[in-house]
Amino acid sequence: MRQYLAFFRMRLLAGLQYRAAALAGMSTQLVWGTMEILLYRAFWLSDPDSFPMGMEALSAYIWLQQAFLAFFAMWYWEMDLVEAVKNGSVAYELTRPTDLYTMWMARSLALRLSRAALRAVPILLVGILVPAPYGLRLRISPSVFLAFLAAMALMLVVVCAYTLLIYALSFFLTDANGIMVLSVAAAELLGGAVVPLPFLPEGLRQLAQLSPFGAMQNIPLRIFGGDIPRESIPAALGLQLFWAVVLIAAGALLTRGGLRRAVILGG
Amino acid sequence: MRLYLSFLSLHLKSAMTYRSSFLLSCLGQLLVTVNTFLGVKFLMDRFGTVAGYTLPQLALCFGVILAATSLAECFARGFDAFSAVLSQARFDRLLVRPRGLIFQLLCEEMKLSMVPRLLQAVLMLGWAISAGAVRWTAAKAAVLVLMILCGAAVFFGLFLINAALCFFTLEGLEVMNIFTDGPREYGKYPFGIYGKGVLWILTLLVPLALVQHWPLQYLLDQGPGWYGLLPLLSLLFLLPCAAAWRLGVRHYRSTGS
């Protein structure tokens, strides 16, 4: 366990070095969040009755989404992992007395955590300063806040497990790019990045909610805004846990299978 | 012009050599903007109208912006990705050739994976027109073409500024995404929808509203005829862009070899 923690810390510290990139990303996210809020405001003003969630819940959703973008942005692929599988340098990893999947998981978690850590706080502060109903309202009961934290943690695991599953698939495919492209598009649409899931048409919404993508940003961001009622929170967390377990199991199995199958040339 | 066309065929050939990877990147680019349109459609299915606009009218608006950005990104790719040109010392090579710098950079790189996006824009425009977004006259058709072309010019100006900044920072500025990738994303709605502040910034500072929001009012019979000529005014934006570019080139010092 200690070795994975050390690996985790190493990646975390490495990720924290990119401060200029974080500053740039942060200002982009601030503008993006403002534009999104202004957009939904126009819809809200023209017909508040058709709005499927409260304006405050939506504002919380958008500010948290921009602040923690690095947690669930599917396009943050770690291409060096895929490359390592492709060009065979993954063989070096096999000489270490570690489990490849666990190491990859520690690495992915650390990378996303470090990216979010540098950007989140200023964006959250701005969100809090914006007046109601367009700002990030902090009136939240302690128990709901705890549920939010749990959902955030589970979401991070689900996202990383999903990306690891794709990396593992690249043992079996000559070109993983196709499935990556499709994953990004599906995660954007079904995960609630294009529009929050309550805005999707019926049918598609149910499908999205049950899919692994619905277990990502959708759940914690809506818990925080109070859009998921208190009594439905346990079920939502359960769904996240279910996908986390399924994706981890599938990813670990595939990685093991891929390694057993892999023939690496060279000396 | 002949030279440019031969470069175009060169880029086309090189893209076609790696056909599957080219098609995949086309698909990737296309899915992003298709998703964006789906987002608009889902919201409009629920609300019917927003700030007086209907879905065909929004499709028209998004089609204009998408066509403009795709054209600019496809043909002015050399400026969009200028930091790579600088860091690989390819700029020195351009300086010794007896042709204009801007012309050479236009030839240097083309992003042909933008073509499907252009097709999407044409489809959206076609659908918007057949769904009766606008009561057409010959003048309005001309204004529509003007909006797309001048829009592409404004985006080209933004890329020029981006490239000029690269002379000083040596690496790309992600902040510029706010003005390059951003408008493609939030240009899916007329800029007026985001409120007066945003509209004035995009009218006076970065004149994207002059190619989208204002002439759109004319197309929809909501504004006077001279709104239709505003895209021409946006071309003035190219002057400061060109000045910035020239300043950057003068600042340039090769690393030598």
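Residues numbered from 1 in each chain as written. Chains lettered and ligands numbered in written order. Predicted model: local features only at pLDDT ≥ 70, side-chain atom pairs only at ≥ 80, totals over all residues.

## With respect to the overall build of chain A
Stage number 1. Scanning chain A from terminus to terminus reveals 12 helices and 0 strands.
Stage number 2. Counting helices and strands in the order they occur from the N terminus, chain A gives α-α-α-α-α-α-α-α-α-α-α-α.
Stage number 3. Taking the principal axes of the C-alpha coordinates as reference, chain A spans close to 65 × 40 × 35 Å.
Stage number 4. Relative to its 267 residues, chain A shows a buried fraction of 45%.
Stage number 5. The long-range fraction of contacts in chain A, counting pairs at least 24 apart against all pairs at least 6 apart in sequence, stands at 83%. (Helix = DSSP H or I, 4+ residues; strand = E, 2+ residues; numbered from the N terminus. Buried ≥ 20, exposed ≤ 12 C-beta atoms within 10 Å, placed from the backbone. Contact = placed C-beta atoms within 7 Å.)

## Structural notes on the environment of A:L237
All names here are of chain A.
Stage number 1. Structurally, L237 is set in helix α12 (residues 233–261).
Stage number 2. Sequence separation between L237 and A150 is 87 residues; the distance between their C-alpha atoms is 7.8 Å.
Stage number 3. Excluding anything up to four places from it in sequence, L237 contacts A147, A150, A151 and L154.

## With respect to the packing of helix α3 (residues 55–75) of chain B against helix α8 (residues 115–130) of chain B
All names here are of chain B.
Stage number 1. Between α3 and α8, the least distance of the axes is 8 Å, while the angle of their chain directions is 155°. On the basis of their axis angle, the class for α3 and α8 is roughly antiparallel. Of the two possible hands of crossing, α3 and α8 adopt the one that is left-handed. Listed contacts from α8 to P56, A59, L60, F62, G63, L66, A67, S70, L71 and C74 of α3 are V115, R117, L118, Q120, A121, M124, L125, W127 and A128.
Stage number 2. Its residues assigned to classes, the contact of α3 with α8 comprises 15 nonpolar, 3 polar and 1 charged. (Axes fitted to C-alpha atoms, helices over the stretch in contact; angles between N-to-C directions. Parallel < 35°, antiparallel > 145°, perpendicular 65-115°, else oblique. Left-handed = near helix turned anticlockwise from the far one by under 90°. Nonpolar A, V, L, I, M, F, W, Y, C, P; charged D, E, K, R; others polar.)

## Remarks on the interface of chain A and chain B
Stage number 1. At the interface, 25 residues of chain A touch 28 residues of chain B.
Stage number 2. Within the residue set of the side of chain A that touches chain B, elements represented by two or more residues are α2 (19–46) and α9 (177–191) of chain A.
Stage number 3. At 12 residues, α2(A) tops the list of elements feeding residues into the side of chain A that touches chain B.
Stage number 4. Considering only residue class, the side of chain A that touches chain B consists of 16 nonpolar, 7 polar and 2 charged.

## Points about the packing of α3(B) against helix α9 (residues 138–169) of chain B
Residues and elements named next belong to chain B.
Stage number 1. Between α3 and α9, the shortest axis-to-axis distance is 8 Å and the interhelical angle comes to 50°. In terms of axis orientation, α3 runs oblique to α9. Helix-helix and strand crossings are classified by hand; for α3 and α9 the assignment is right-handed. Here V64, I65, A67, A68, T69, L71 and A72 of α3 lie close against α9, whose contacting residues are M147, I148, G151, A152, F155, F156 and F159.
Stage number 2. Looking at the contact of α3 with α9 residue by residue, the classes come out as 12 nonpolar, 2 polar and no charged.

Coordinates in, geometry out; function isn't part of it.
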